[in-house]
Amino acid sequence: MILLPGAAPLDVGIPAQIFAPRHKLNYRFVPCALQAGPVPGRDGLGYHVEAGLEALETADTIIVPGYHNCAEPVDPRALEALREAAFRGARMVSICGGAFALAQAGLLDGLRATTHWQMAARLAREYPKVTVDGRVLFVDEGQVLTSAGVCAGIDVCLHLVRRDHGVQASNAIARVIVAAPYRSGGQSQFVPRSIPEPLGDVFAATREWALAHLEEPLTVTTMARHAGVSARTFGRRFVEDTGYTPMQWVLRARVDLAREMLERTGLGIDQIAARVGVGTGANLRMHFQRILGTAPSEYRKSFGGKLAEAGAPAPAA
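Residues numbered from 1 in each chain as written. Predicted model: local features only at pLDDT ≥ 70, side-chain atom pairs only at ≥ 80, totals over all residues. Heavy atoms only, no water.

Participant: Summarise the pattern of salt bridges; cite the residues concerned and give the values.
Facilitator: Counted according to the given criterion, the structure contains 11 salt bridges. Note that Arg-91 and Asp-164 form a salt bridge whose closest N and O atoms lie 2.9 Å from each other. Of this pair, Arg-91 sits in strand 4 (residues 91-94) while Asp-164 sits in helix 5 (residues 152-165), placing them 73 residues apart in sequence. A relative accessible area of 11% means that Arg-91 is categorised as buried. By relative accessible area, which is 28% here, Asp-164 ends up partly exposed. Of the charged contacts in the structure, one is a salt bridge between Arg-122 and Glu-126, with a shortest N-O distance of 3.1 Å. (Salt bridge = Lys/Arg side-chain N within 4 Å of Asp/Glu carboxyl O. Helix = DSSP H or I, 4+ residues; strand = E, 2+ residues; numbered from the N terminus. Buried < 20%, exposed > 50% of the residue type's maximum accessible area, 1.4 Å probe, protein only.)

Participant: Describe the packing of aromatic side chains, listing the residues and the values that go with them.
Facilitator: Inspection of every chain in the model, using the stated rule, returns 7 aromatic pairs. Here Phe-19 and Tyr-27 contribute two aromatic rings whose centre-to-centre distance is 4.9 Å and whose plane-to-plane angle is 80°, an arrangement assigned as edge-to-face. Ring geometry for Phe-203 and Phe-234: centres 5.2 Å apart, planes at 35°, overall tilted. Residue Phe-203 is located in helix 7 (residues 197-211), and its partner Phe-234 is located in helix 9 (residues 231-242); the two are separated by 31 residues in the primary sequence. On the basis of relative accessibility, which here comes to 2%, the residue Phe-203 falls in the buried class. Members of the aromatic cluster, connected to one another through ring pairs, are Phe-203, Phe-234, Phe-238 and Trp-249. (Phe/Tyr/Trp six-rings, centres within 6.5 Å; stacked < 30°, edge-to-face > 60°.)

Participant: Before we move on, could you go through unusual backbone geometry and cite the residues and values that matter?
Facilitator: In this structure, Asn-26 is a non-glycine residue whose phi angle is positive, near 65°. Relative to the helices and strands, Asn-26 resides in the loop between helix 1 (9-18) and strand 1 (37-39). For Asn-26, a relative accessible area of 79% translates into the label exposed.

Participant: For the nonpolar core, give the residues involved together with the corresponding values.
Facilitator: Ranked by internal contacts, the top residues of the largest apolar core, which has 33 residues, are Ile-2, Ile-62, Leu-82 and Met-92. Listed by contribution, the elements that provide at least two residues to this core are strand 3 (61-64), helix 2 (76-87) and helix 3 (98-104). A per-element tally of this core places helix 2 first, with 6 residues. What Ile-62 contacts, discounting residues up to four positions off in sequence, is Ile-2, Leu-56, Leu-82, Ala-85, Ala-90, Arg-91, Met-92 and Val-93. (Core = buried A, V, L, I, M, F, W, Y, C linked by side-chain atoms within 4.5 Å. Contact = heavy atoms within 4.5 Å.)

And the structure:
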């Protein structure tokens with residue numbers, strides 16, 4: 001993680017928490033700066049780092065937190081170090097205004113990206129080669145990932161853990177830091193208009209109910225009935241809340257549950273497909289490929305633990 005002058009405290013603290021050695025995921029987390037020593041921070045906090053730009057030369061993933069003034073040019077030495085790291089294949093990640101540093105380095109050219117919604121128009125204006133989406137929590141373009149303001153850094157960091165180690169590992173960390181285990185990148189940064197709090201609570205309760213009934217037939221009508229609103233109102237409000245239509249959200253929830261079963265159990269693909277509500281193994285393979293770009297069997301090879309290898313049954317609900 002490279003700390004630029006004026007680095008935002010929460011942006012810095014999120015990766016430090018999520019990639020901490022105590023989670024035992026074999027991440028080696030190294031804060032660095034232009035040079036070792038003190039780094040001025042924002043909001044009355046400063047930092048002291050033990051590594052300079054040389055740390056970027058061997059890093060597999062580089063995180064750029066937001067910093068004080070995104071309008072100011074980033075030190076050319078830092079930009080060159082970011083370019084060299086990206087050229088050799090390092091994964092590049094920004095939190096909030098850190099996207100401006102990646103854009104200055106030319107690493108967002110031709111890609112979709114996001115940043116804090118208040119700065120999205122500026123990013124788009126100053127870097128026209130970047131397709132800026134200021135509505136979403138994070139954007140994953142493979143080697144380059146960008147996230148929205150502040151707490152969206154939690155979402156993109158947990159997403160990285162899911163990519164590297166699977167759902168079970170990211171859920172475990174989410175529990176430790178008391179965070180939502182999964183908010184999709186497509187979820188809206190904020191609700192564009194005021195929604196009465198009681199209705200917001202009802203919709204959240206309906207989502208929780210749907211997660212507990214994924215193996216059952218779920219339709220917009222059944223979920224709207226649970227929420228006590230019309231199907232049309234439910235569909236519209238659901239998109240505003242999550243960035244997905246109800247059925248897109250349900251499908252992704254089912255795939256996510258399937259991922260966890262592939263990691264934790266020895267159930268066959270057809271059995272898992274039935275338990276998560278997609279019907280057949282063929283359906284599960286199709287959705288896996290479309291959403292994750294891989295097959296269930298390959299996912300199990302990558303993330304299945306000893307329980308799956310031993311062919312153990314699913315744990316009791």
